[in-house]
Amino acid sequence: MPKLVLKAGSRPPWVGLAAAVWIQIAAGNAYNFPLYSSALKSVLGLNQQQVTILGVANDVGENVGLLPGIACNKFPPWSLLLVGAVLCFFGYGVIWLAVSQTVSGLPYVLLWLALCVATNSSAWFGTAVLVTNMRNFPLSRGTISGILKGYVGISAAVYTLIYSMILKGSASKLLLFLAIGISIVCLVMMYFIRPCTPPSGEDSSVHVHFIFTQAASIILATYLVTTTIVSDVVSINDAVSYILVAIMVILLMTPLAIPVKMTLFPANPKHSVPLVGSSDQLPSADDVSTQTTPLVTPSSSAAYLGSFHETEDASDVEMLIAEGEGAIRKKRRPKRGDDFKFHEALIKADFWLLWFSYFLGVGSGVTVLNNLAQIGVALGVEDTTILLSVFSFCNFMGRLGAGAVSEHFVRLITLPRTFWMTTTQIIMIIAFFLYASALDGTLYASTALLGICYGVQYSIMVPTVSELFGLKHFGVISSFMMLGNPIGALLFSVFLAGNVYDTEAAKQGNSTCYGANCFRLTFLVLAGVCGLGTILSIILTVRIRPVYQMLYAGGSFRLSQTSDH
């Protein structure tokens, strides 16, 4: 990986975080599928199964992020954002051509591929800002994960507000907005997403700034849900609609108040303690790496040892020369908490325990999300807008809360973050039984519970990966973890929920199914899936407890001595 120049100063990380908020809203573009899927079905004459398969394309594109995961270690963040903007423009542009009937007769396969390309922009956007900000704030990984993933979670409500109030419910206008608007936003913001010198661990204002950012996101989420519900009940004229959207834009800009405050009211410079393991502490040519323990005083080969550590892989020739001159010992395998390469992480039991725990939790959750409108109709809800808003808000709170709560307890009692995966999967079992019971008044409660737990799975997985396997190859490892989402959607949503629903609908002689039996078997199977996920996450939590006791000894984060991000 070419060595990136870090932007110095206390303000740039916060400017980057404020810009990342907008990028994360853009990264939520895949959540718009329910808003234009009906138009795809009617205009193109698709059946429900074809629409469901397009939904899988939506999930596949959003979550297959191996390429951006690899690219984030080779290219600067702006280049990833540029690729994402291009994918977004061409992908949604093709779908707009079909829905607006500007071009007729586009093949179904082309639409499927276009949707994959369009939503894959989310992976490029999300990887660029998440990896960059995790490295810019290496001592607050849970908090950063919660904030950024939280904004992705609430992005659905942002788009819904724009769709209903500005675009007047036009699917073709929404697709044009996604193709052009998102691309412009990312091109404007990509300059501000850059590697920076992390804030000092001794700076107490960092904690205050995070609380402010979290509070701003909660206010935004509350405003969006309230406005969505009110607009669904009360008729609002155009002038009021534009004012409401303008308020939303101002709330999205709120995190920018932190660097503005730092500019207008600069803090007195203090002697700060260097961050242990921060992203700017890369080994130099004179550093002695504990990953490769010195035997004797380095000879002439020491001159190139700096580049040996900075490059992603050293050649076998360089390794042999260094060993022959006595500069280093043969490189040992990393241990948990070190920087793992992707192939090194793949052979670890903890990697697969985390992957399957995440897959079972998020896969069962995305099944309900993809079918939430049909679930509402089956259980007698005529307008599912409020149901979707409840899920969106609770998903956001789960993402934001998981980051803050796990960060608190991991520092207080070195409690592994995966404990919260276990807790929420137990709650998901309860939620699925509530869905299956179809008792009066349980639909919204079970949806709220599931939304929170679904959000927690995302926010816990991200910092856990960075803590177990390091930040150096965090992008590609976390992207592989994210594959649990589309695989879960395919197995549980298409093959399970889709077949059960169609079978029950056929018994009723309709294309639309009504009654609790439409999804009851699906909910019971998903409860069992979460039961298995609970067992795996308990095993993982017990296994990695010593890692967290090492990383958070003394109540503050410290990297393993062999880690060099």
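Residues numbered from 1 in each chain as written. Predicted model: local features only at pLDDT ≥ 70, side-chain atom pairs only at ≥ 80, totals over all residues. Heavy atoms only, no water.

1. Digging into the overall build of the protein chain
Helices and strands together make up the secondary structure of the protein chain, namely 22 helices and zero strands. For the protein chain, the residues scored as buried account for 55% of the 565 residues in total. Looking at the protein chain as shown, the accessible area adds up to about 23000 Å², and 68% of this sits on carbon and sulfur atoms. (Helix = DSSP H or I, 4+ residues; strand = E, 2+ residues; numbered from the N terminus. Buried < 20%, exposed > 50% of the residue type's maximum accessible area, 1.4 Å probe, protein only. Areas by Shrake-Rupley, 256 points an atom, 1.4 Å probe, with all protein chains shown as cover.)

2. Notes on the nonpolar core
With 147 residues, the main nonpolar core has Y36, Y92, L224, M248, V368, F432 and Y435 as its most contacted residues. The residues contacting Y92, other than those within four sequence positions of it, are N29, A30, Y36, L87, A118, T119, L175, L178 and A179. (Core = buried A, V, L, I, M, F, W, Y, C linked by side-chain atoms within 4.5 Å. Contact = heavy atoms within 4.5 Å.)

3. Concerning the packing of aromatic side chains
Applying the stated criterion to the full structure yields 29 aromatic pairs. Note on F33 and Y36: the rings are 5.6 Å apart at their centroids and 85 degrees apart in plane angle, and the pair reads as edge-to-face. In this pair, F33 and Y36 both sit in helix α2 (residues 33-44), three residues apart, roughly one turn of the helix. Judged by relative accessible area, Y36 falls into the buried class, the value being 0%. Relative to W420, the ring of F409 lies with its centre 5.5 Å away and its plane at 50 degrees, an arrangement referred to as tilted. Residue F409 is located in helix α17 (residues 385-413), and its partner W420 is located in helix α18 (residues 418-437); the two are separated by 11 residues in the primary sequence. The rings of F340, F342, F351, W352, W355, F356, F359, F469, F480 and F492 are connected pair by pair, giving a single aromatic cluster. The ring of Y191 carries R194 above its face, with NZ or CZ at 4.4 Å from the centroid. (Phe/Tyr/Trp six-rings, centres within 6.5 Å; stacked < 30°, edge-to-face > 60°. Lys NZ or Arg CZ within 6 Å of the ring centre and 35° of its normal.)

4. A look at the state of the cysteines
For the structure on display, the rule yields one disulfide. In this model C513 forms its disulfide with C518; the gap between the sulfur atoms is 1.9 Å. Because the sign of the S-S torsion sets the handedness, a value of about -90 degrees for the bond joining C513 and C518 places this disulfide among the left-handed ones. In terms of burial, C513 and C518 fall into one category: buried. (Disulfide = S-S within 2.5 Å.)

5. A few points about the packing of helix α7 (residues 141-165) against helix α19 (residues 442-469)
Where α7 contacts α19, the axes come no closer than 9 Å and their chain directions differ by 145 degrees. Between α7 and α19 lies a crossing of right-handed hand. For the pair α7 and α19, contact is made by R141, G142, S145, G146 and K149 and by Y458, S459, V462, P463, S466 and E467, respectively. (Axes fitted to C-alpha atoms, helices over the stretch in contact; angles between N-to-C directions. Left-handed = near helix turned anticlockwise from the far one by under 90°.)

6. Notes on the pattern of salt bridges
Evaluated as defined, the whole model comprises six salt bridges. Where D350 meets R543, a salt bridge forms, and the shortest distance between an N and an O atom there is 2.6 Å. You can see D350 sitting in helix α15 (residues 349-370) and its partner R543 sitting in helix α22 (residues 520-551), a full 193 residues away along the chain. Relative accessible area serves as the criterion here: at 3%, D350 is assigned to the buried category. One salt bridge connects R417 with E467, and the closest N-O pair in it is separated by 2.7 Å. Placement of the pair is R417 in the loop between α17 and α18 and E467 in helix α19, with a sequence separation of 50 residues. Among the residues examined, R417 registers a relative accessible area of 0% and is labelled buried. Relative accessible area serves as the criterion here: at 1%, E467 is assigned to the buried category. Each member of the salt-bridge network shares a partner with another, and the members are E407, R411, R417 and E467. (Salt bridge = Lys/Arg side-chain N within 4 Å of Asp/Glu carboxyl O.)

7. A closer look at the packing of α7 against α17
Running from amino to carboxyl end, α7 crosses α17 at an angle of 175 degrees, the nearest separation of the two axes being 7 Å. Considering their axes alone, α7 and α17 lie roughly antiparallel with respect to each other. Within the contact of α7 with α17, the residues separate by chemical class into nine nonpolar, eight polar and four charged. (Parallel < 35°, antiparallel > 145°, perpendicular 65-115°, else oblique. Nonpolar A, V, L, I, M, F, W, Y, C, P; charged D, E, K, R; others polar.)

8. Focus on a nonpolar patch on the surface
Among the surface-exposed residues, W78, L82, V86, F89, F90, L176, I180, I184, L187 and V188 lie close enough to one another that they form a single nonpolar patch of about 890 Å² accessible area. At the level of elements, α5 (77-99) and α8 (171-189) are the ones that each hand at least two residues to the nonpolar patch. Its location among the elements puts F89 in helix α5. (Patch = residues over 30% accessible without salt bridge, like charges linked within 9 Å, V, L, I, M, F, W, Y side chains within 5 Å.)

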